[in-house]
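In case you want the letters, here they are:
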Amino acid sequence: SRPPPVYYEEDEPLLPLFTSEGEEESVAHRQRGGPKASCSWFAFVEACWFQFLVAAVLFMNHAVMIAEADQSETPLAFYVLDQAFLFFYLFEFMCRVLFLGASFFHGPLWLVAWNVFDLTLIAAGVLDQWLLPFLALSGAWWPLKILGTLRFARVLRVIRVILQQDLSWTESPNFQSFV
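**Student:** How would you summarise helix H2 (residues 48-69) if you had to cite specific residues and measurements?
**Tutor:** The terminal C-alpha atoms of H2, which comprises 22 residues, lie 32 Å apart, in line with the 32 Å expected from a rise of 1.5 Å per residue. Turning to H2, the residues buried within the fold contact helix H3 (76-100) and helix H6 (157-163).

Here it is as structure tokens:
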């Protein structure tokens, strides 16, 4: 059977782990049994149920954006939904920053790249939806108006959700016989 995972020291940031055989363990695996995960109030950001909630919100957000594209004017309902989606993304991002701490920008390149991608999308959303409407900008600021198109890139975050899931259940004989 597999050897138990080897964890980093208690005071070090959460990063993907390696077993004694050198296999990389997921952050979600540490959340289920790692020493630091049980100490954090924000450990839920790595839980499967929360990752599926994030994916569901992403898909709902894109469905609303597609429906919104068919409208000549943005109805109030779409405006409220857009604000709620951005608030949810900001909440999820802040909880992840509080959970990961300093390791948010330090660690494996793939994890840091996803974190920077999320930061860019959320900063663009805040600028586009919350700051620009209050600024009277002339036509010279048109590049900032392009930020709204970055909202469509949020669908790429679903890839992150899939990559962080523990899919070892797909290797079970029952699933294999089903396939």
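**Student:** Residue-level account of the nonpolar core, with values.
**Tutor:** Within the largest apolar cluster, 22 residues are counted, with the highest numbers of intra-cluster contacts made by Val54, Phe88 and Tyr89. Top element by residues in this core is H3. It accounts for nine residues. Those residues in contact with Phe88 that lie beyond four places of it in its chain are Phe50, Leu53, Val54 and Val57.

**Student:** Can you break down the pattern of salt bridges residue by residue, with the values?
**Tutor:** Within the structure shown, the criterion is met by two salt bridges. Its salt-bridge partner being Glu92, residue Arg96 comes within 3.1 Å of it at the nearest N-O pair. One end of the pair is Arg96 and the other is Glu92, both in helix H3 and four residues apart, which spans about a single turn. The partner of Arg96 in a salt bridge is Asp118, and the shortest N-O contact between them spans 2.7 Å.

**Student:** Give me the lowdown on the side chain of Asn61, citing residues and values where you can.
**Tutor:** Of note, Asn61 is situated in helix H2. A residue is classified by how much of its surface remains accessible, and Asn61, at 0% relative accessible area, is buried. Engagement of the side chain of Asn61 in a polar contact is seen with the side chain of Tyr89, the distance being 2.9 Å. Look past the residues within four positions of Asn61 in its chain and what remains in contact with it is Asp82, Phe85, Tyr89 and Arg154.

**Student:** Give a description of the side chain of Glu92 that names residues and reports values.
**Tutor:** A relative accessible area of 2% places Glu92 in the buried class. Ignoring anything within four residues of it in the chain, the contact list for Glu92 reads Val45, Phe50, Val54 and Arg157.

**Student:** A description of the packing of aromatic side chains should follow, citing residues and the corresponding values.
**Tutor:** In total, this model carries 10 aromatic pairs according to the counting rule given. A ring pair is formed by Phe50 and Phe88, whose centres lie 6.2 Å apart and whose planes are at 40°; its orientation type is tilted. Of this pair, Phe50 sits in helix H2 while Phe88 sits in helix H3, and the two are 38 residues apart along the sequence. When its relative accessible area of 2% is taken as the criterion, Phe50 is described as buried.

**Student:** Could you give an account of the environment of Phe42, with specific residues and numbers?
**Tutor:** Tracing the sequence through the fold places Phe42 in the loop between helix H1 (27-33) and H2. Judged by relative accessible area, Phe42 falls into the partly exposed class, the value being 26%. Between the C-alpha atom of Phe42 and that of Cys95, which follows or precedes it by 53 residues, the distance is 5.9 Å. Excluding its chain neighbours within four sequence positions, the residues that come into contact with Phe42 are Cys95, Leu98 and Phe99.

What counts as what
Residues numbered from 1 in each chain as written. Predicted model: local features only at pLDDT ≥ 70, side-chain atom pairs only at ≥ 80, totals over all residues. Heavy atoms only, no water. Helix = DSSP H or I, 4+ residues; strand = E, 2+ residues; numbered from the N terminus. Expected span 1.5 Å × (residues − 1). Contact = heavy atoms within 4.5 Å. Core = buried A, V, L, I, M, F, W, Y, C linked by side-chain atoms within 4.5 Å. Buried < 20%, exposed > 50% of the residue type's maximum accessible area, 1.4 Å probe, protein only. Salt bridge = Lys/Arg side-chain N within 4 Å of Asp/Glu carboxyl O. Polar contact = N/O pair within 3.5 Å; in protein donor to acceptor, adjacent residues only side chain to side chain. Phe/Tyr/Trp six-rings, centres within 6.5 Å; stacked < 30°, edge-to-face > 60°.

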